[in-house]
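Take a look at the letters that make up each chain.
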Amino acid sequence: MVERRELTKRFDQINPEQIQDFLALDGFSMLEKALKMTPSEVRDEIRASRLTGRGGAGFLTSIKMDSFAAETGKKYIVCNADEGEPGNFKDRYLMEKDPFQVIEGMCISAYATGAQEGFIYIRGEYQTSIKRIQNAIDESRKHHYLGTHILQSAFSFDITIRQGAGAYVCGEEFALIESLEGKPGRTRVKPPYPAQEGYFSYPTLINNVETFCNLPFIVRIGGDAYRQIGSDFASGTKLISLSGNVKHKGLYEVPYGTTIRDVIFKLGGGTPNHRAIKMVQLGGACGAIIPDELLDMDIDNERFQIFDSKMGAGAIIVMDDSHDLFDIIHRNMEFFAHESCGKCTPCREGHIQLVKLIEKFIINEASQKDYDTLRSLAQVIHDTTLCGLGQTSPTCILSTMEFFPEEYNRRIAYRKRGGQA
Amino acid sequence: MSIQQIIQSYPAKSEYLLEMLIAVDQQKKHHYISAEEINEIASYVKVKESHVCSVMSFYTLLSTQPRGEYVIQVCKDVPCYINDDFNVVLTIEEELGIVLGQTTNCGRFSLEQTACIGCCDEAPAMRINHEIYTNLTKEKVLDIIHTLRGDANGRTT
């Protein structure tokens, strides 16, 4: 069995607008269990689980959480639901199909760290998610799972929804905080990190929707048991958004350690018309593009760390041999050129130049010098920008230079021969 | 609700700026925020108009120019692109007689592109106002437009 459904176990089993359905399938019972533990005991379990952030960066959740828990005074929990990475739709599913689980995860997180207020920042395009989460908040409040003295305990916590208005970069922690404050979403210089100085300079813990949804699961089976699921590199299950040229596109939950090929073939059923797979992009527009030969690697293979990407938020975009590599890179680069917030020069100006250079490859006008410029510019953007957007956007160029050198060489050689194929 | 009522349903704090702008935009038939409204909002939350303008220009869901009653946004990212075998944008352009970025003369439809709307498993997809349409085929796209057009002029087409 390739799938292991833990976070998605209630999907299609419940009416996502009915709290009773959620409660009937042990909803909020993990919050009850957590409330019987001390906050530090809950954090111990999370530390033991070695849960990593599911938003893409893959940072150990407990490090962020512990440093946030050490902060005193007013502090905020923020659920990052600004899912905008092309190829990803897991957070939308989590919010639309089991919205109460998100609330439960945020409550556990708030209890474990001593926060009293929370936000869910949902992108404005996700109106159904906004509606479902709002209903879940209202219902949870009515049944005393949110508000003051939750389940007659001393713990109080409440959540408000904030909408994004169409800016991919707001998925980045500090850009999101700026947006929450009612400003354009442009990142800040780190440190200090949000856990120390975030929303209006108060300590702020930001986690991805899926990360929060893992907390009830960890409380349920315990940190050590959770650690047993997965691979040596990462523990737990991962939601995979499978799209592109594949028969059964959709959302799948698999333990870490599953190979990319198994996801594409055993779950996705391969390509629709048995065409060969030419390339697969992992993580979304900011992820590595790999050839068929590398599909036997784990979904969390360390090899991708050289591109700072690994699986990102868990998208797998399959492309068959009818597609042109440079056409795809071009789309990705146009996306980043549009979504750059404009704060860092290498990102703002660099992406425009990357688009132009890739266009040269598309029309077979690229020279060896263009290749060198492309490579060094991609590296400069990666090395010198402030936030994750510019740090990861060149991945699709740098990875294809390594995995598809013949594609680049063919285009350069074409020009050398004076346009003779 | 009048624009003033919408604005005043939020606390007079600048952190609610985005929420207010989205709410006003949603209320308006032509999905934009006028100079006067920017002025009203700025004075209500006590920030400079230029600040409101900087927010307006940063976020793609907000517009200072009148748009169509129906804002059609076609997803342009890779997962939709590789599943788009009939060209959604071209189909709509030909049907409405406008190109990307334009609004029809009657003011009913605007055609835009959007970044990924998280429907990659049902690609190709597009968004019209708050409605999401997925698994698009040429027939489906034309059907949707015909239906909206019918709604807009009393089903005479």
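Residues numbered from 1 in each chain as written. Chains lettered and ligands numbered in written order. Predicted model: local features only at pLDDT ≥ 70, side-chain atom pairs only at ≥ 80, totals over all residues. Heavy atoms only, no water.

- Identification of chain B as NAD(P)H-dependent oxidoreductase subunit E from Candidatus Xianfuyuplasma coldseepsis is taken from an unreviewed UniProt entry.
- Under the UniProt heading Sequence similarities (unreviewed entry), the entry covering chain B gives this text: "Belongs to the complex I 24 kDa subunit family." (UniProt positions renumbered as here; feature names shortened; annotations may be inferred.)

- An unreviewed UniProt entry annotates chain A as NADH-quinone oxidoreductase subunit F of Candidatus Xianfuyuplasma coldseepsis.
- As recorded by UniProt, the Sequence similarities (unreviewed entry) comment attached to chain A reads in full: "Belongs to the complex I 51 kDa subunit family."

A few points about the domain arrangement of chain A
Residues and elements named next belong to chain A.
Then comes step 1: Domain boundaries assigned for chain A yield domain 1 (19–228), domain 2 (231–320) and domain 3 (325–417).
Then comes step 2: Counting from both sides, the interface comprises 11 residues of domain 1 and, opposite them, nine residues of domain 3.
Then comes step 3: Each partner contributes to the roughly 910 Å² buried at the junction of domain 1 and domain 3, and carbon and sulfur atoms together form 73% of this total.
Then comes step 4: If you sort the residues of domain 1 by the area they bury against domain 3, Tyr168, Val169 and Thr187 come out on top, with a joint share of 54%.
Then comes step 5: Here domain 1 is connected to domain 3 by zero salt bridges.
Then comes step 6: Taken together, the links from domain 1 to domain 3 amount to three residue pairs in polar contact (both at pLDDT 80 or more).
Then comes step 7: Residue composition of the side of domain 1 that touches domain 3, by class: five nonpolar, three polar and three charged. (Domains from an automatic or database assignment. Contact = heavy atoms within 4.5 Å. Buried area = accessible area lost by both parts, 1.4 Å probe. Salt bridge = Lys/Arg side-chain N within 4 Å of Asp/Glu carboxyl O. Polar contact = N/O pair within 3.5 Å; in protein donor to acceptor, adjacent residues only side chain to side chain. Nonpolar A, V, L, I, M, F, W, Y, C, P; charged D, E, K, R; others polar.)

As for the packing of aromatic side chains
Then comes step 1: Counted by the stated rule, this structure contains 22 aromatic pairs over all chains.
Then comes step 2: Between Tyr70(B) and Phe109(B), the ring centres sit 5.6 Å apart and the planes meet at 25 degrees, which makes this aromatic pair stacked. Residue Tyr70(B) is found in strand β1 (residues 70–75), and its partner Phe109(B) is found in strand β2 (residues 109–114); the two are separated by 39 residues along the sequence.
Then comes step 3: For Tyr70(B), a relative accessible area of 16% puts it in the buried group.
Then comes step 4: Look at Phe109(B) and you get buried, because its relative accessible area is 1%.
Then comes step 5: Site record: aromatic cluster; members linked through ring pairs are Tyr76(A), Phe119(A), Tyr199(A), Phe200(A) and Tyr202(A).
Then comes step 6: The ring of Tyr16(B) carries Arg162(A) above its face, with NZ or CZ at 4.7 Å from the centroid. (Phe/Tyr/Trp six-rings, centres within 6.5 Å; stacked < 30°, edge-to-face > 60°. Helix = DSSP H or I, 4+ residues; strand = E, 2+ residues; numbered from the N terminus. Buried < 20%, exposed > 50% of the residue type's maximum accessible area, 1.4 Å probe, protein only. Lys NZ or Arg CZ within 6 Å of the ring centre and 35° of its normal.)

Some thoughts on the UniProt feature "binding site: [2Fe-2S] cluster" (unreviewed entry) in chain B
Then comes step 1: The sites that carry the UniProt feature "binding site: [2Fe-2S] cluster" (unreviewed entry) are, in the present numbering, Cys75(B), Cys80(B), Cys116(B) and Cys120(B). Maximum C-alpha separation among the annotated residues is 9.5 Å over a sequence range of 46 residues, consistent with a single clustered spot.
Then comes step 2: Within the secondary structure, Cys80(B) sits in helix α5 (residues 78–81).
Then comes step 3: In contact with Cys80(B), other than residues within four places in its own chain, are Cys75(B), Ala123(B), Pro124(B) and Ala125(B).
Then comes step 4: Taking relative accessible area as the criterion, Cys116(B) reaches 2% and is therefore assigned buried.
Then comes step 5: With residues near it in sequence (within four places) discarded, Cys116(B) still touches Gly84(A), Glu85(A), Pro86(A), Gly87(A), Arg123(A), Cys75(B) and Asp77(B).

Points about helix α9 (residues 209–221) of chain A
Then comes step 1: For α9(A), the buried fraction is high: 11 of the 13 residues fall into the buried class.
Then comes step 2: Looking at α9(A), one finds that the buried residues are Val209(A), Glu210(A), Thr211(A), Phe212(A), Cys213(A), Asn214(A), Leu215(A), Pro216(A), Phe217(A), Ile218(A) and Val219(A).

So, the packing of helix α6 (residues 99–113) of chain A against helix α7 (residues 127–142) of chain A
Residues and elements named next belong to chain A.
Then comes step 1: The geometry of α6 relative to α7 is characterised by a closest axis approach of 8 Å and an angle of 60 degrees between their N-to-C directions. In terms of orientation, α6 lies oblique with respect to α7. The handedness of the crossing between α6 and α7 comes out as right-handed. Residue-level contacts link Pro99, Phe100, Val102 and Ile103 of α6 to Arg132, Ile133, Ala136, Ile137, Glu139 and Ser140 of α7.
Then comes step 2: Here the contact of α6 with α7 is built from residues that sort into seven nonpolar, one polar and two charged. (Axes fitted to C-alpha atoms, helices over the stretch in contact; angles between N-to-C directions. Parallel < 35°, antiparallel > 145°, perpendicular 65-115°, else oblique. Left-handed = near helix turned anticlockwise from the far one by under 90°.)

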